[in-house]
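The primary structure of each chain is shown beneath.
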Amino acid sequence: MHHWLMKSEPDVFSVTDLARRPRRQAPWDGVRNYQARNFLRAMKKGDLAFFYHSSCPAPGVYGIVEIAREAYPDPTAFDPASEYYDPKSTPAQPRWFMVNVRLKRVFRSPALLDAIRNEKSLRAMQLVQRGSRLSVMPVTAREWKTILKLTGEKNK
DNA sequence: GCCAACGTTGGC
DNA sequence: GCCAACGTTGGC
């Protein structure tokens, strides 16, 4: 099993929004970066990912989602009315993909970016690398555990 | 709102 | 294939 981190702006889509969806499940659409897309395509059903809130007053990891469906073409790329529209992506030759995620846990106490930056053992994390802006990235098993520790919750 | 860092585009 | 210009991300 692999671990991941997925960013979303909570104004657009938050952990709470996901909690309100039927079966707490939703497609993770709108990724328009090749490296992030490649990570999406590497995800396996059952993989776990941190749900990260970005561009907000308190950026950080707010919960855990499970990959409920592996990568398939992102239909928002085909829709001229969508803000994620990309005419270079067609149903015959899709360029952008998405997975479905299911909310597993919302942290009572999130692992804030500030705390992540202050944690020495997380200095190598891709998230905190200078200039790193990827919205989907892998997380090592060790990083996963350390972040869980920052939330004060135990791994099951 | 600022700005550093990075990705993409397009002229040549 | 180079690279300047431009757009985007995302913390602050």
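Report on the accompanying structure. (Residues numbered from 1 in each chain as written. Chains lettered and ligands numbered in written order. Predicted model: local features only at pLDDT ≥ 70, side-chain atom pairs only at ≥ 80, totals over all residues. Heavy atoms only, no water.)

Near DNA strand B you find Tyr34, Lys88, Arg130, Gly131 and Arg133, and these make up its full shell. The sugar-phosphate share of atoms of DNA strand B within 4 Å of the protein amounts to 75%. In this structure, Lys88 approaches DNA strand B through a side-chain N or O atom, which is 3.3 Å from a phosphate oxygen. Within the side chain of Arg133, an N or O atom sits 2.8 Å from a base oxygen of DNA strand B. (Near = heavy atom within 4 Å. Polar contact = N/O pair within 3.5 Å; in protein donor to acceptor, adjacent residues only side chain to side chain.)

With respect to the element layout, Asp47 can be found in the loop between helix H2 (34–42) and strand S3 (48–53). Only 3.0 Å separates the side chain of Asp47 from the side chain of Trp4, close enough to count as a polar contact. (Helix = DSSP H or I, 4+ residues; strand = E, 2+ residues; numbered from the N terminus.)

Right, let's talk about the packing of aromatic side chains for a bit. Each pair of aromatic rings is reported with the distance of its centres and the angle of its planes. Tallying each qualifying case throughout the model produces six aromatic pairs. For the pair Trp4 and Phe39, a centre-to-centre distance of 5.9 Å together with 50 degrees between the ring planes defines the contact as tilted. Remark: Phe39 occurs in helix H2 and Trp4 occurs in strand S1 (residues 3–8); sequence separation between them is 35 residues. Judged by relative accessible area, which is 19%, Phe39 ranks as buried. Lying across the ring of Tyr72, Arg69 places its NZ or CZ 3.5 Å from the centre. (Phe/Tyr/Trp six-rings, centres within 6.5 Å; stacked < 30°, edge-to-face > 60°. Buried < 20%, exposed > 50% of the residue type's maximum accessible area, 1.4 Å probe, protein only. Lys NZ or Arg CZ within 6 Å of the ring centre and 35° of its normal.)

Tallied over the full model, the rule gives two salt bridges. The salt bridge partner of Arg32 is Asp74, with a shortest N-O separation of 3.1 Å. Here the residue Arg32 occupies a position in the loop between strand S2 (25–27) and H2, and Asp74 occupies one in the loop between strand S4 (60–73) and strand S5 (97–112), the gap between them amounting to 42 residues. Its relative accessible area of 26% is what places Arg32 among the partly exposed residues. Arg102 is paired through a salt bridge with Glu66; the nearest N and O atoms lie 3.3 Å apart. Within this pair, whereas Arg102 is found in strand S5, its partner Glu66 is found in strand S4, the two being separated by 36 residues in sequence. (Salt bridge = Lys/Arg side-chain N within 4 Å of Asp/Glu carboxyl O.)

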